[in-house]
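# Structure at a glance
Each chain, written out:
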Amino acid sequence: VFATVLRCLGIPARLITNYSSAHDNNANLRLDFFLDDEGKVDTKLTKDSVWNYHCWNEAWMTRPDLPVGFGGWQVVDGTPQETSDGMYRCGPASVQAIKHGHVCFQFDAPFVYAEVNSDIFYTRMEKNGTQVVENVDTTRIGQLIVTKEVGGDGMMDITEEYKFREGSDEERLALETAVMYGVKKQSLQDTTYQPQTDVEMDFQAQKAVLGNDFKVTITFRNKSRNTYTATTYLSGNIVFYTGVTKSEFKKHSFSAKLQPSSSSSFETVIKSSEYMSDLLEQASFHFFVTARINETGKILAVQKAVMLEIPTLRIKTKGELVAGKETSVIVEFTNPLKQTLENVTLRLEGPGVLRTIKKQFGRIPMNSTLTWEVKFAPMRPGLRKLIASLNSDALRHVYGELNVQIQKP
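In its Sequence similarities (unreviewed entry) section, UniProt records this for the protein: "Belongs to the transglutaminase superfamily. Transglutaminase family."

### Regarding the environment of Asp213
One can find Asp213 in the loop between strand E11 (199–205) and strand E12 (214–222). When the C-alpha atoms of Asp213 and Val374 are compared, they prove to be 35 Å apart, with 161 residues separating the residues in sequence. Aside from chain neighbours lying at most four places away, what touches Asp213 is Val269, Ile270, Lys271, Ser272 and Lys338. Looking at Asp213, its side chain comes within polar contact range of the main-chain nitrogen of Ser272, at 2.9 Å.

### Overview of the sheet that holds strand E18 (residues 314–318)
Strands sit in the order E18-E19-E22 across an open sheet of three strands; the sheet is antiparallel. At either margin of the open sheet sits one strand with a lone partner, and together these are E18 and strand E22 (369–376). Across this sheet, the average inter-strand angle for adjacent strands is 20°, counted without regard to direction. With eight bridges connecting them, strand E19 (residues 327–334) and E22 associate as antiparallel partners. Bridged to Phe333 within E22 is Leu370.

### Concerning the layout of surface pockets
Put simply, the second largest pocket is a space of about 630 Å³. As for the second largest pocket, its lining consists of 26 residues, and the residues nearest its centre are Val41, Thr43, Ser235, Asn237 and Phe288. Those elements that provide at least two residues to the lining of the second largest pocket are strand E3 (49–61), strand E13 (228–239), strand E14 (245–258) and strand E16 (284–293). Broken down by class, the residue content of the lining of the second largest pocket amounts to nine nonpolar, twelve polar and five charged. Of the residues that make up the lining of the second largest pocket, three or more belong to each of domain 1 (1–181) and domain 2 (199–307).

### Some points on the environment of Thr219
Looking at the element boundaries, Thr219 is found in strand E12. Taking relative accessible area as the criterion, Thr219 reaches 24% and is therefore assigned partly exposed. It is 16 Å that separates the C-alpha atoms of Thr219 and Ser235, two residues lying 16 residues apart in sequence. The contacts of Thr219, once residues within four sequence positions are left out, are Glu200, Met201, Asp202, Ser264 and Ser265. In terms of polar contacts, Thr219 uses its side chain to reach the side chain of Ser265, at 3.1 Å.

### Structural notes on the sheet that holds strand E20 (residues 341–350)
Spatial strand order, E21-E20-E23-E24: four strands in an open sheet with antiparallel pairing. The open sheet terminates on both sides in strands that have one partner only, identified here as strand E21 (354–364) and strand E24 (398–406). Looking at each pair of strands side by side, their axes are set apart by 15° on average, direction ignored.

### Here's the deal with the pairing of E24
For strand E23 (residues 382–391) and E24, the ladder comprises nine bridges, and the chain directions are antiparallel. If you follow Ile387 over to E24, its bridge partner there is Glu401. Two successive antiparallel strands, E23 and E24, enclose a turn made up of six residues, where His397 displays a positive phi of approximately 55°.

### Examining the pattern of salt bridges
All told, the structure shown has 23 salt bridges when counted by the stated rule. With a closest N to O distance of 3.9 Å, Glu267 and Lys215 form a salt bridge. A residue pair is termed long-range when its members are at least 10 positions apart, and Glu267 in strand E15 (residues 262–270) and Lys215 in strand E12 qualify at 52 residues. Here Glu267 falls in the exposed class, since its relative accessible area comes to 54%. Residue classification places Lys215 among the partly exposed residues on the basis of a relative accessible area of 35%. Connected through shared salt-bridge partners, Arg14, Glu58 and Glu161 make up one network.

What counts and how
- Residues numbered from 1 in each chain as written.
- Predicted model: local features only at pLDDT ≥ 70, side-chain atom pairs only at ≥ 80, totals over all residues.
- Heavy atoms only, no water.
- UniProt positions renumbered as here; feature names shortened; annotations may be inferred.
- Helix = DSSP H or I, 4+ residues; strand = E, 2+ residues; numbered from the N terminus.
- Contact = heavy atoms within 4.5 Å.
- Polar contact = N/O pair within 3.5 Å; in protein donor to acceptor, adjacent residues only side chain to side chain.
- Pairing = 2+ DSSP bridges.
- Axes fitted to C-alpha atoms, helices over the stretch in contact; angles between N-to-C directions.
- 1 Å grid on protein atoms, 1.4 Å probe; cavity = no way out; pocket = protein on both sides within 12 Å on 5 of 7 lines; lining within 4 Å.
- Points joined across faces, edges and corners; volume = space filled by probe spheres on them.
- Nonpolar A, V, L, I, M, F, W, Y, C, P; charged D, E, K, R; others polar.
- Domains from an automatic or database assignment.
- Buried < 20%, exposed > 50% of the residue type's maximum accessible area, 1.4 Å probe, protein only.
- Salt bridge = Lys/Arg side-chain N within 4 Å of Asp/Glu carboxyl O.

Take a look at the structure:
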């Protein structure tokens, strides 16, 4: 809506999506995840969160209030996560200034910088109140920043407009510049931190399709000459896209034996019966894996968001597509779940093609296919889009689209 308003005012605008977006409550450029003695995440102490994604807009404008070179694309956010001077608002913040760490310029640049470039600190609270930093992840936040490509529906990767490549000299220099300009980055001197170097842990998930079981794999790489045992915890959570947990649906712990100078992988099956009853509309999971190396007391931690692939609607047209001449469109859907879908509603729309039509279907048994044929006469010639969506009790936001070229009569 904001992009449309800006365009109506003659201001070029585009929509931005930032994947793994930091919600840093105090803009200190770090997210703190607190772990208990066993290495599990302490949900009471942990206030910062990683949003699966966050969207904002960019508006193209000159910035006569800033030095030369900071005009062009500016971040403006119609759904800001925090207040700015007591009001919910964010921007305009120069994208060029964010990339180079010049966060002293108006408006809200430190907050936007934190959204795309925070570090994640995994901190263990000891009984005497000492904080021990067990792990620092400098690459997870702002993993991919995209907008829609010009003239098509594909995505355009614009990550490099916001930040230099992770780990490059330029990226660390931009970070130091941001700190110099007053972003309160807490230094590691405040805490005890000895990085864990001899064992690495990785977490991968198989492609997950709604209604199906899928596997997740935890891999350890023991680079030392010692044999270790790792007590490992896997926690699977159904989350809102803001990273807030609705419920924990999977708890799994095991002991892993790590041989010297070798890799070991451990698989766990996530069953559809474990997650289907609690799913939210966006069908996303958040996995936390922590492991304690028993011989050294060191803790490894990794987290990952996993999106379920939702089935799509298939749309096809029959016959010629000519403005004013009757033709028909067919919408098909196969129920992939191990249950009957109840209270199914289908909706078909296409601006300039047909008026929006809704139809109720009682139920779709498992593995059966629903076919809906609609007769219509396209209203106007040109390149148009047909969009179909399906909602039911157990399955929401199923979607399909088709670009159609309507000929002149």
